[in-house]
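Inside the fold
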2 protein chains.
Amino acid sequence: MKNQNLKVQTVKVNSKFWGRYRDLMSEESIPFQWNMINDRDKVEVTNDPFAAGGATDKSHAIANLKIAAGQQQGDFFGMDFQDTDVYKWLESAAYVLSYAPDEKLKEETDSVVDLIADAQEDDGYLSTMFQIEMPERKFKRLQQSHELYSMGHYIEAGVAYYEVTGNVKALNIAKKMADCINNHFGTENGKILGIPGHPEIELALARLYEVTQEKRYLDLAKYFIKQRGKDTSFFDKQNKADGIDRDFFPVLGTIGNRYYFADKPVTEQTDVHGHAVRVLYFCTGLAHVARLTGDEELKKAANRLWTDVIKKQMYVTGNVGQTGHGEAFTYDYDLPNDTVYGETCASVAMVFFAKQMLNTRLDGQFGDVIEKELFNGALSGIALDGKHYFYVNPLEADPKASKGNQGKNHIATRRSSWFACACCPSNITRLISSVDKYLYETSENTILSDQFIANSTQFNDEIKINLDSDYPWSGNLKYTIENSKKVGFRFGIRIPNWSANSFEIRVNGEEQQLSVQDQIVYVEIKDSSTMITVQFNMKAQLIRTNVSVKDNLGKVAVQRGPIVYCAEETDNEKNLWQYKLSQYPSFKDIYRGDLLDGVVTLETDDVQKIENTTSDTLYTLDEEAKTEKTHLRLIPYYSWANRSEGQMTVWLHQ
Amino acid sequence: MKNQNLKVQTVKVNSKFWGRYRDLMSEESIPFQWNMINDRDKVEVTNDPFAAGGATDKSHAIANLKIAAGQQQGDFFGMDFQDTDVYKWLESAAYVLSYAPDEKLKEETDSVVDLIADAQEDDGYLSTMFQIEMPERKFKRLQQSHELYSMGHYIEAGVAYYEVTGNVKALNIAKKMADCINNHFGTENGKILGIPGHPEIELALARLYEVTQEKRYLDLAKYFIKQRGKDTSFFDKQNKADGIDRDFFPVLGTIGNRYYFADKPVTEQTDVHGHAVRVLYFCTGLAHVARLTGDEELKKAANRLWTDVIKKQMYVTGNVGQTGHGEAFTYDYDLPNDTVYGETCASVAMVFFAKQMLNTRLDGQFGDVIEKELFNGALSGIALDGKHYFYVNPLEADPKASKGNQGKNHIATRRSSWFACACCPSNITRLISSVDKYLYETSENTILSDQFIANSTQFNDEIKINLDSDYPWSGNLKYTIENSKKVGFRFGIRIPNWSANSFEIRVNGEEQQLSVQDQIVYVEIKDSSTMITVQFNMKAQLIRTNVSVKDNLGKVAVQRGPIVYCAEETDNEKNLWQYKLSQYPSFKDIYRGDLLDGVVTLETDDVQKIENTTSDTLYTLDEEAKTEKTHLRLIPYYSWANRSEGQMTVWLHQ
């Protein structure tokens, strides 16, 4: 008997590592963010050095909705997408409710759904800034209005909330919004033949289609995907008609279509460029729509853009977006570590993009990137206390540089509690609270174990899989597969790129020589009970970068399992750039339960510190550097900046 | 017999190297700039990548003066200091006339002096923007008005022109300006107790004092030096009174006193900071006034600031100003090579500062910096054709980076013919055309040979010194000292820091063991004829940087004699960062008359190119880099970007 349509039913995350983070969501982050959007807590913003995201003294996001709903008097405050802080909180809260039921939280989320319904106009429109301040300008300045972006975020939240709680009102708001957009946009006569400045609606509509199966939503998503870059004068025309001097963000009027990834149709795009979050949200929608419609041109485009990011524009931590100028990608192989932007939202978007790619085609490279973000680049966006956030994630930081060199003052060296543009906090919480969605991927009669987060998962046909592991600190996995109906299926295990050359798999205790196909090994399952153990290579490894990357030449990073490490000043001496690893350093890996809520540190004596030969001159002639043997401790990158403020570096001289 | 007051009378530069540049001034640069300021030539600006200095289609500088003089109708155009483009051209032309008499040029310069006199108001005031557009705002917004800066530049030009040609009218304009400023500024009741946003007037008044011996000019200079940073609310008060929204340069209203080096009195300043040219012009005036007044506190301040620049904030090429944000210094030991500003004007200002320091105290460190600028950092500001200029001088450039990464798009990879802010072209020409002023420094009975530029120089007491040399390509100097009156004096020779450990001096053929005092050796002269030969160490040497400088660790630069070298893509393969010098590379130095108007290149086979082990991945795990033996050619830094556009780097991996 074969099941051709395997599906995940329920997932229970047992991982100690992720359990702590998910408890943090329910106990700290979600209540904290609720207070923030309700203006019940003082905002503490790191603004010295200036933290990207900007300083603010309040959120006003709930207040804006109340004003739009007629429940409160007052003016709109904030970004034109301020509403999304509420929506992304709601989405996070929905996921939390799926694993940590909580009456009080449920009351809050239900009340937010009611509030949103009240704020929504009869025709489905919802964007409080326009409703409160400038109703006559609705859909008239899409380049900067974030209206479709905002509604897209609600649609995601509404779908998630409906899926977890069955709240139909939440779903209906989303449908009403989508219908409103469908009534205004498209190729038909009388509709706006336009696109949003900030993609998001595409992926949201695809998600809404999946839960409603209403084809018009998929068609509309596809329209937005295909229309982008077709009419390169659209934004200019709208801006001119609306009044050239009425920009919401002055520089965004003249920055050009490339920044919006709207310089040509996606079928002609060969590289990611422009604002990182915009292009990656777009790519997520692109991959999703390509899969749902089976459009081969769109699939090819998604593959091209994926390949460009991961082969030419991604930091080793998974961070993306090399510059703060426009929060943007720069160009292939340009990966400066100390001026990087690496927005938390962009890393979250990479997870979404990767997930859609994986859903289209089982290949280990996608899970590799999801893992990279979950344990490194995205996770660094949130403090261990759950209540402080990075907007920018550098691979090299120095408080002196952030303060003293304006080209680096977007790099905060401690996390803020909130931002004027507060997109990152609720993006990282919605990712962490939904991490259960990334464990397995099913495709016909295949179950792929993609993320090795200890869990007990129920599939259809009474298949139950238990994964026991202390991952990411241990590389030992133990799968117990219960299959009482003896269904025949393929069980795939992703072989991470960092263990590709060294891993061991045993099925019921017997070592297997399995071929690796697209970074996945498959085991045929037919018995009622199967035990599979896996051992990955957990030795610390040195990473080197393609020589086309200027800034990493002569340097190495250190990775152990999925975790990329960094050196922090608090564990070592400054300046961190003076450390030089030997050619074959050996590292001691030590689990420290008392440190940073439990981490494996890497320690080595195979390192020297480069010192001055002549103490106070700036330059020396024909004098060799002096070196002294020393000791170096590395900690996981995601955990940096949780103690005292100081220098940090991922890349070390060798 | 001793002469206690040795003075230079006339200098003739015989150097082949500088002769070429000085001919270039008279034959190309000065006529070219004359056409530019008269709007007779098309401006060709490099603005892709965006070149610092900005794009423009005209100068209008002469036209502004004509309008102010009532000789022409029209509106003012340009920066509020547009007049200085004329003044600095006039100053350059004056120096050119001193060595290359030219009737046509003399007519032009005389006519410019007449024009300026006509434009000057009866009370001495001259700043065409204010005269034409906003006479009611004179001296009301000194933070940004550049009025004293502009008049300061005229004073320098007027003094120079008077000294060369004896044109009294030119001097009188300067005196009238200084008197106007003296009538408006100072501590007396009814005067403005204020300072200019951009220093320059201080050094100009000191210069005017030296030629006129009018003490009020020195007192006024001292007032500006001492007043700076005393009243930190001065600019804000003026801006408020003038209207807060009437900034000439919007960002300059809120940038803060630190940027203006006006955050505290100079006697309390310990480091250079803020806009590089501002602080260095101020330091020049400071050192000059300190010497003229004998004020010990000011002397100490000048020393402190000098030491900070050269020991903590100067690039190996002599360039200064680490960031384009505010064209500013950043902080000690911050010396990024690929985001540097290194404005040509700032290097010229370093020469002025060093000269004033040297004039106060004979010490080789000052001449070292003058030399560094003359042969490297400042000289790189002008193309070999004399008609194209760099505003920004990077130590590492890549056209792809300048185009693709906005944090680097201030770094042009080819020189422009002109700029919207055209301060640099005439600054480098006034330096080159006055290079004769830097050869000797006299102090009582001492003559110091500071810059080794071949020359014949007449001193008082019928002392004549001839220096024969092919410097900078050769390190052999031959001095012939004719001293028919057998005057007893000390003849000093600076021992450059790059030859401190290895040099040979012969007096009348006999090798001398002379002690070095502050990087100077002294020979007692009393005979009627003395021949001194010097041999400096002209081996290529490797430069390393203090380990506190993050960006140069693991890298070396190469210097031969006074010349710092760089690698250019056109001579080598890209990417230049893939080259790695061996520990003890040996270089062939080859003079090539056909290359770059004659340069010594350095060539080595002791170099490897680092290549990828795996071709198309971005990161590799536990794979060592592959290296291939190769060849590397280096050229003098000043001569880069005179052939095809491409990568350039001063620092090389080792």
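Residues numbered from 1 in each chain as written. Chains lettered and ligands numbered in written order. Predicted model: local features only at pLDDT ≥ 70, side-chain atom pairs only at ≥ 80, totals over all residues. Heavy atoms only, no water.

Quick look at the overall build of chain A
Counting its regular elements, chain A contains 17 helices and 23 strands. When the backbone C-alpha atoms are referred to their principal axes, chain A occupies close to 75 × 70 × 50 Å. Looking at chain A residue by residue over its 654 residues, the buried ones come to 64%. If you sum the accessible surface of chain A, you get close to 22,500 Å²; carbon and sulfur atoms cover 44% of it. Looking at chain A, you have 73 positive and 92 negative side-chain charges, and the mean spots of the two groups are 3 Å apart. (Helix = DSSP H or I, 4+ residues; strand = E, 2+ residues; numbered from the N terminus. Buried < 20%, exposed > 50% of the residue type's maximum accessible area, 1.4 Å probe, protein only. Areas by Shrake-Rupley, 256 points an atom, 1.4 Å probe, with all protein chains shown as cover. Lys, Arg positive; Asp, Glu negative; His and termini not counted. Charge placed at Lys NZ, Arg CZ, Asp CG, Glu CD.)

Focus on the relation of the copies chain B and chain A
Mapping chain B onto chain A calls for a rotation angle of 180° and an axial translation of 0.0 Å; the resulting RMSD is 0.0 Å. Seen this way, the second copy is the image of the first under a two-fold rotation axis. Scanning chain B for the C-alpha nearest the rotation axis identifies B:Gly407, at a separation of 3.6 Å. Taken together, the interface assignments show that 100% of the residues at the interface of chain B recur at the interface of chain A, consistent with an identical surface on both copies. (Least-squares fit on C-alpha atoms with pLDDT ≥ 70 in both. Contact = heavy atoms within 4.5 Å.)

Notes on the interface of chain B and chain A
At the junction of the two partners, chain B supplies 61 residues and chain A supplies 61 residues. For the pair chain B and chain A, the summed buried surface comes to about 5,200 Å²; carbon and sulfur atoms form 51% of the total. There are six salt bridges connecting chain B and chain A. In this structure, B:Asp616 engages A:Lys311 in a salt bridge whose closest nitrogen and oxygen atoms are separated by 2.7 Å. Between the two partners, chain B and chain A, sit 34 residue pairs in polar contact (both at pLDDT 80 or more). Among the secondary structure elements, those contributing two or more residues to the side of chain B that touches chain A are helix 13 (296-313), helix 16 (399-404), strand 14 (541-545), strand 19 (599-611) and strand 20 (619-621) of chain B. The biggest single contributor to the side of chain B that touches chain A is strand 14 of chain B, with five residues. Taken together, the residues of the side of chain B that touches chain A break down into 24 nonpolar, 22 polar and 15 charged. Where strand 20 (residues 619-621) of chain A meets strand 14 of chain B, three bridges bridge the pair, whose relative direction is antiparallel. Among the inter-strand pairings, A:Tyr619 is bridged to a residue of strand 14 of chain B, identified as B:Thr545. (Buried area = accessible area lost by both parts, 1.4 Å probe. Salt bridge = Lys/Arg side-chain N within 4 Å of Asp/Glu carboxyl O. Polar contact = N/O pair within 3.5 Å; in protein donor to acceptor, adjacent residues only side chain to side chain. Nonpolar A, V, L, I, M, F, W, Y, C, P; charged D, E, K, R; others polar. Pairing = 2+ DSSP bridges.)

Some remarks on the environment of B:Ile255
Its location among the elements puts B:Ile255 in the loop between helix 11 (234-242) and helix 12 (276-293). Remark: the alpha-carbon pair of B:Ile255 and B:Gly326, spanning 71 residues in sequence, is separated by 8.8 Å.

Quick word on the pattern of salt bridges
All names here are of chain B. A full pass over the atoms with the stated rule returns 91 salt bridges over all chains. Here Glu156 ties to Arg207 by a salt bridge, and the two come within 2.7 Å at their closest N and O atoms. With Glu156 in helix 7 (residues 147-165) and Arg207 in helix 9 (residues 201-212), this pair connects stretches of sequence that are 51 residues apart. Residue class for Glu156 comes out buried when judged on its relative accessible area of 2%. The class of Arg207 is buried, set by a relative accessible area of 18%. Among the ionic pairs, Asp589 bridges to Arg560, the shortest N-O distance being 2.8 Å.

Describing the sheet that holds strand 4 (residues 446-449) of chain B
Residue and element names in this part refer to chain B. Here five strands make up an open sheet; going across it, the order is 3-4-8-12-11 and the pairing mixed. In the strand order of this sheet, the two ends are held by strand 3 (440-443) and strand 11 (516-517), each with one partner. As judged from the two bridges shared by strand 11 and strand 12 (residues 520-525), these two strands associate in the antiparallel manner. Directly across from Gln517, in strand 12, lies its bridge partner Ile520.

Focus on the environment of B:Arg544
Its location among the elements puts B:Arg544 in strand 14. Exposure remark for B:Arg544: the relative accessible area of 11% places this residue in the buried category. Residues B:Arg544 and B:Ile493, 51 residues apart in the sequence, show an inter-C-alpha distance of 26 Å. Among all residues touching B:Arg544, those that are not within four sequence positions of it are A:Leu618, A:Tyr619, A:Thr620, A:Asp622, A:Glu623, A:Glu624, A:Ala625, B:Lys555, B:Val556, B:Gln583, B:Trp651 and B:Gln654. Polar contacts involving the side chain of B:Arg544 include one to the main-chain carbonyl oxygen of A:Glu623, which spans 2.7 Å.

Here's the deal with the pairing of strand 12 (residues 520-525) of chain A
Residue and element names in this part refer to chain A. Of all the six residues making up strand 12, five are buried; the element is thus mostly covered by neighbouring parts of the structure. Taken together, the six bridges between strand 8 (residues 489-494) and strand 12 define a ladder with antiparallel strand orientation. Counterpart to Arg494 in the pairing with strand 12 is Ile520.

Remarks on the nonpolar core
Counting residues in each nonpolar core, the largest one holds 221 residues, and the members touching the most others are B:Trp18, B:Tyr479, B:Phe491 and B:Ile532. The residues touching B:Phe491, leaving out its near neighbours within four places in the chain, are B:Tyr440, B:Ile447, B:Ser449, B:Ile465, B:Tyr479, B:Ile481, B:Val521, B:Tyr522, B:Val523, B:Ile525 and B:Ile532. Formed by 219 residues, the second largest nonpolar core is a distinct cluster that contains A:Ala52, A:Ala178, A:Cys283 and A:Phe353. (Core = buried A, V, L, I, M, F, W, Y, C linked by side-chain atoms within 4.5 Å.)

A word on the pairing of strand 5 (residues 455-459) of chain B
All names here are of chain B. Burial analysis of strand 5 places four of its five residues in the buried class, which makes it a mostly covered element. Inspection of the sheet shows strand 5 paired to strand 6 (residues 463-469) by four bridges, in the antiparallel sense. For Gln458, the partnering residue across the bridge sits in strand 6 and is Lys464. In textbook terms, the turn of a hairpin is the stretch between consecutive antiparallel strands, and for strand 5 and strand 6 this stretch comprises three residues, one of which, Asp461, has a positive phi near 60°.

Some remarks on the sheet that holds strand 12 of chain A
Taken together, five strands build an open sheet; the order of strands is 3-4-8-12-11 (chain A) and the sheet is mixed. Two strands in the sheet have a free side with no partner beyond their single neighbour: strand 3 (440-443) and strand 11 (516-517) of chain A.

Section: the side chain of A:Gln131
All names here are of chain A. Along the chain, Gln131 falls in helix 5 (residues 128-133). In terms of polar contacts, Gln131 uses its side chain to reach the backbone carbonyl oxygen of Ala119, at 2.9 Å. A polar side-chain atom of Gln131 sits 2.7 Å from the main-chain amide nitrogen of Ser127. With residues up to four places along the chain from it excluded, the contact list for Gln131 reads Ala68, Ala119, Glu121, Tyr125, Leu126 and Lys138.

As for the packing of aromatic side chains
Considering all chains together, one arrives at 69 aromatic pairs over all chains under this definition. In this structure, A:Lys138 is placed above the aromatic ring of A:Tyr125, and the distance from its NZ or CZ to the ring centre is 4.6 Å. (Phe/Tyr/Trp six-rings, centres within 6.5 Å; stacked < 30°, edge-to-face > 60°. Lys NZ or Arg CZ within 6 Å of the ring centre and 35° of its normal.)

Description of the packing of helix 3 (residues 83-99) of chain A against helix 7 (residues 147-165) of chain A
All names here are of chain A. Where helix 3 meets helix 7, the closest approach of the two axes is 8 Å, and the angle between their N-to-C directions is 20°. As far as their axial angle goes, helix 7 and helix 3 are roughly parallel. Helix 7 is crossed by helix 3, and the crossing has left-handed handedness. Within the contact between the two elements, helix 3 uses Thr84, Tyr87, Lys88, Leu90, Glu91, Ala94, Tyr95, Leu97 and Ser98 and helix 7 uses Tyr149, Ser150, His153, Tyr154, Glu156, Ala157, Ala160, Tyr161, Val164 and Thr165. (Axes fitted to C-alpha atoms, helices over the stretch in contact; angles between N-to-C directions. Parallel < 35°, antiparallel > 145°, perpendicular 65-115°, else oblique. Left-handed = near helix turned anticlockwise from the far one by under 90°.)

Quick look at the confidence of the model for chain A
Summary statistics for chain A give a mean pLDDT of 96 and a share of 99% for residues scoring 70 or more. Interface scoring of the predicted complex returns ipTM 0.95; its pTM is 0.96. (pLDDT = per-residue confidence, 0-100.)

Things to note about the side chain of A:Lys355
Residues and elements named next belong to chain A. Positionally, Lys355 belongs in helix 14 (residues 344-360). On the basis of relative accessibility, which here comes to 13%, the residue Lys355 falls in the buried class. Not counting the four nearest positions on each side in its chain, Lys355 is found in contact with Ile370, Lys437, Tyr438, Tyr440 and Glu441.

Regarding helix 1 (residues 16-37) of chain B
Residue and element names in this part refer to chain B. Across its 22 residues, helix 1 extends 30 Å between first and last C-alpha, which sits within 8% of the 32 Å expected from 1.5 Å per residue. Along helix 1, the sharpest change in direction is near 45° and occurs at Met25. Sitting at the head of helix 1, Ser15 places a side-chain oxygen 3.2 Å from the backbone nitrogen of Phe17. (Expected span 1.5 Å × (residues − 1). Bend = angle between axes of the 7 residues up to and from the residue.)

Comments concerning helix 4 (residues 103-119) of chain A
Residues and elements named next belong to chain A. With 17 residues, helix 4 should cover 24 Å at 1.5 Å per step; its first-to-last C-alpha distance of 24 Å lies within 8% of that length. Buried within helix 4 are the following residues: Leu105, Glu108, Thr109, Val112, Val113, Leu115, Ile116 and Ala119. Viewed along the axis of helix 4, the buried residues span an arc of 160°, placing them on a single side of the element. Residues Glu103 and Glu107 are exposed on helix 4 and point more than 90 degrees away from its buried face. Packed against the buried residues of helix 4 are helix 1 (16-37), helix 2 (61-68), helix 3, helix 5, helix 7 and helix 8 (168-184). Structurally, the start of helix 4 carries an N-cap: the backbone nitrogen of Lys104 is 2.9 Å from a side-chain oxygen of Asp102. (Arc of directions from axis to C-beta.)

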